[in-house]
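Coordinate inspection notes
Residue-level listing of the chains:
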Amino acid sequence: MNQCLPFAAIASMLFAPMLYADEPLTGTVIGTQLCYDYEHYRQSISINTAKNLFDGDPETFFATYERSYTWAGLDLGEPHVITRVGWMPRNDTNGPKRVVLGMFQGANREDFLDAVPIFLNTQKGTVGQMDYADVDCSRGFRYVRYVGPSDSRCNLAELEFYGYPAEGDDSALYQITNLPTVIVNTVDAEEPYDKEHEISGNIIIISDNGTSILDKEGGIRERGNGSRVFPKKPWRIKFSKKQNVLDAPAKAKKWTLINNYGDKTLMRNKLAFDIAEKIGMEWVPYCTFVDVVLNGEYKGCYQLCDQVEVNECRLEIEEMTPEDNEGEALTGGYFVEVDAYAYDEESWFETPKYYLPITIKSPDEDEITDEQYEYISDYFAELEALVKDKNFSDPEAGYRQMFDTRSFIQHMLVNEVAGNTDCYWSTYMYKRRGNPIIYTGPVWDFDLGFDNDNRTYHSYNKKGYLWNNSTASSATGMRSFANRILLSDAGTKAETKAMWQEVRDNGLTPEWLKGQVDKYAEELDASQQLNFMRWPILSSYVHQNPVALGSYEAEVKRVKDFIEKEFAHLDDYIGYEANGISSTLTDENAPVEYYTIQGIKVLNPQQGQLYIKRQGRKARVVFSL
Ligand code: CA
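To start, this report covers the structure provided alongside it. (Residues numbered from 1 in each chain as written. Predicted model: local features only at pLDDT ≥ 70, side-chain atom pairs only at ≥ 80, totals over all residues. Heavy atoms only, no water.)

Description of the overall build of the protein chain
Within the protein chain one finds 9 helices and 27 strands. Projecting the C-alpha coordinates of the protein chain onto the three principal axes gives extents of approximately 85 × 75 × 50 Å. Per-residue burial over the protein chain gives 56% buried out of 625 residues. Of the contacts made within the protein chain by residues no fewer than 6 positions apart, 69% connect residues no fewer than 24 positions apart. Here the protein chain has roughly 27,300 Å² of accessible surface; of this, 47% comes from carbon and sulfur atoms. Side-chain charges of the protein chain comprise 63 positive and 96 negative groups, with the mean position of each set lying 6 Å from the other. (Helix = DSSP H or I, 4+ residues; strand = E, 2+ residues; numbered from the N terminus. Buried < 20%, exposed > 50% of the residue type's maximum accessible area, 1.4 Å probe, protein only. Contact = heavy atoms within 4.5 Å. Areas by Shrake-Rupley, 256 points an atom, 1.4 Å probe, with all protein chains shown as cover. Lys, Arg positive; Asp, Glu negative; His and termini not counted. Charge placed at Lys NZ, Arg CZ, Asp CG, Glu CD.)

If you want it as structure tokens, here you go:
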């Protein structure tokens, strides 16, 4: 034996034959019953069954009638810690690629509601050859299985599990990538199919590099509007009881899984939320990147986010009860959304002057009383009458007595920096009890931002604000409403300019934001590779994509280029003066003058010294040549 080997290595060689038993484990074969008879193009319960996976014959195979969420495995009789899995593709043309994203799982419940991944295969197979992978999972499982990737009929020729009998522990679980793995197992593996019906099951989250696990009862349904049409579905998960999740501040039942299908960088929402934090919005929803597995199928890279709702550590306003029908109790809290989709909702109204469609999010549609409905719709009618009034901009008598311009401007600026076409397609607002003023926020939904919309492509080239461009989307009347407040009121314009100056000076810079992009690209690297294996759309135009650059890296670079140009555009349009002077130099025909940083004019600038270079009305700090 080689004397240079450390003891641990020798020990592992000695014990390896015990841990990695030569013989694969045996047990009762379990799996999807309804199989597919290729010869007669029909379903069968006797041909191509799961038994073929364990007969040692590379020519016999397992194939199911259903194309997805089908599986086969073993009931081992008692828990085993699994050390290795092996598989062989079916001997046919498509066999080798049908095993890509095949998932191995372990469970201790016969219904697999507690199933967790133990290995995800990402490689093509070879006909006639077993492939093996070591499994790194310390929990013991009585039930083990292979779940075929989507649309594969679970086609496989051979399947093997290796390990030893043990209960094991949860000290080292399998996490698919560096990101937390969110696993949803539903009763009878039913797939969520709409926004109304919640499918019950277990929600499991493995995090902290496989050392933490949360396993709770809950449910899942689809969510969202436009994003629901894509094959990678957005979901809402709901725990049976309020739950802390990862490092999110809120303890809550409802959480969202955002699909980011049209956003090939997978980070646009997160970047916009960072901007909102920097601009100082009152509540910015929590979000973090995760990998998602549904009933054993790898579904891609998602964003786990707060549900936008009234809750502690979320939107913190008074939650109304059906008893709050008069006096101060009737004045709040209300959470509403100026919403292009309001007409599809149950609890909504339209304002009389601007025809703003407004969905009432809280109180809930099944709890709101007539008095409350009337109060908030009358409130908006009164507000917009003040906005329309000729004395609207009067700080005392105008709309400001009912409307918070600061949060409205913050919300707009986040959307402008993020180049979001949808700024006024959906706008959240909230009103507190006993406070006559309504506030805007939170920001939400930026998949079309950062120049990701063919209708407004190269949005930084548009004149003025993006939201005011005729090709940007807006809920009925909202653009006119915003126009009146943001562009017709000199006071608001001055407030916007002052806020822009302040946030820019306080670190909202293109360099900072591009740094966030680089940071997330690194964090997402392993997960984005799997995501685009599952959804090979990098060269396709999806949603409103203006371009399809074919690689993740190119999409990320595109966002960074956009950030550079968007800041220049906004600095120029709103007016930003770095160190008290404009950062841009556009008066090219004016004579050039140099000043010291203290503002003293210099007639003969020295080479390599720092000066303020002034040209007409514009100036910037430069090293002289
Ligand atoms: Ca076989």
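Some words on the coordination of the calcium ion
The textbook angles at a metal center are 109.5 degrees for a tetrahedron of four donors and 90 or 180 degrees for an octahedron of six. For the calcium ion, the full set of protein donor atoms is Asn-52 (O), Asp-55 (OD), Asp-57 (O), Thr-60 (O), Thr-60 (OG1), Ala-157 (O) and Glu-158 (OE), at a range of 2.2 to 2.7 Å. Between consecutive donors of the calcium ion, the numbers of intervening residues give the motif N-x2-D-x1-D-x2-T-x96-A-E. One end of the pair, Asp-57, is in the loop between strand S3 (42-44) and strand S4 (71-88); the other, Glu-158, is in strand S9 (residues 158-165), with 101 residues separating them in the sequence. (Donors = N, O, S within 2.8 Å, 3.2 Å for Na, K, Ca; no water.)

Looking at a negative patch on the surface
Together, Glu-319, Glu-346, Asp-364, Glu-365, Asp-366 and Glu-367 make up a region of like negative charge exposed at the surface. Asp-366 sits in the exposed class, given a relative accessible area of 66%. (Patch = residues over 30% accessible without salt bridge, like charges linked within 9 Å, V, L, I, M, F, W, Y side chains within 5 Å. Salt bridge = Lys/Arg side-chain N within 4 Å of Asp/Glu carboxyl O.)

Structural notes on the side chain of His-411
In this fold, His-411 is placed in helix H5 (residues 405-417). On the basis of relative accessible area, His-411 is assigned to the buried category, the value being 2%.

Side note on the pairing of strand S11 (residues 199-207)
In the case of a regular strand, side chains alternate between the two sheet surfaces. Most of S11 sits out of view: 8 of its 9 residues are buried. As judged from the 6 bridges shared by strand S10 (residues 181-186) and S11, these two strands associate in the antiparallel manner. When the sheet's bridge partners are listed, Asn-185 is paired in S11 with Asn-202. In this antiparallel pair of consecutive strands, S11 and strand S12 (residues 212-222), the connection spans 4 residues, and Asp-208 shows a positive phi of 50°. (Pairing = 2+ DSSP bridges.)

Considering the packing of aromatic side chains
One pass over the full model with this rule turns up 40 aromatic pairs. Judged by centre distance (4.9 Å) and plane angle (85°), the ring pair of Tyr-465 and Tyr-573 falls under edge-to-face. Here Tyr-465, found in the loop between strand S21 (438-440) and helix H6 (478-486), pairs with Tyr-573, found in helix H9 (residues 552-575); they are 108 residues apart in sequence, far enough to count as distant. Tyr-465 sits in the buried class, given a relative accessible area of 6%. One residue, Arg-90, lies across the ring of Phe-61, its end atom 4.0 Å from the ring centre. In this structure, Lys-388 packs its charged tip against the face of Tyr-354, placed 4.6 Å from the ring centre. (Phe/Tyr/Trp six-rings, centres within 6.5 Å; stacked < 30°, edge-to-face > 60°. Lys NZ or Arg CZ within 6 Å of the ring centre and 35° of its normal.)

Let's talk about the sheet that holds strand S19 (residues 357-362)
Read across the open sheet, the 5 strands follow the order S18-S19-S17-S20-S21; overall the sheet is antiparallel. Edge strands, defined here as strands with exactly one partner in the open sheet, are strand S18 (348-350) and S21. Neighbouring strand axes in the sheet, compared pairwise and without regard to direction, differ in orientation by 30° on average. In the sheet, S18 pairs with S19 via 3 bridges, with the strands oriented antiparallel. (Axes fitted to C-alpha atoms, helices over the stretch in contact; angles between N-to-C directions.)

Topic: the state of the cysteines
This structure, assessed with the given rule, holds 0 disulfides. Considering cysteine sulfurs only, Cys-154 is the nearest to Cys-35, which forms no disulfide, with 9.4 Å between them. Since its relative accessible area comes to 1%, Cys-35 is described here as buried. The thiol sulfur of Cys-137 is not disulfide-bonded, and the nearest other cysteine sulfur, from Cys-154, lies at 20 Å. For Cys-137, a relative accessible area of 5% puts it in the buried group. (Disulfide = S-S within 2.5 Å.)

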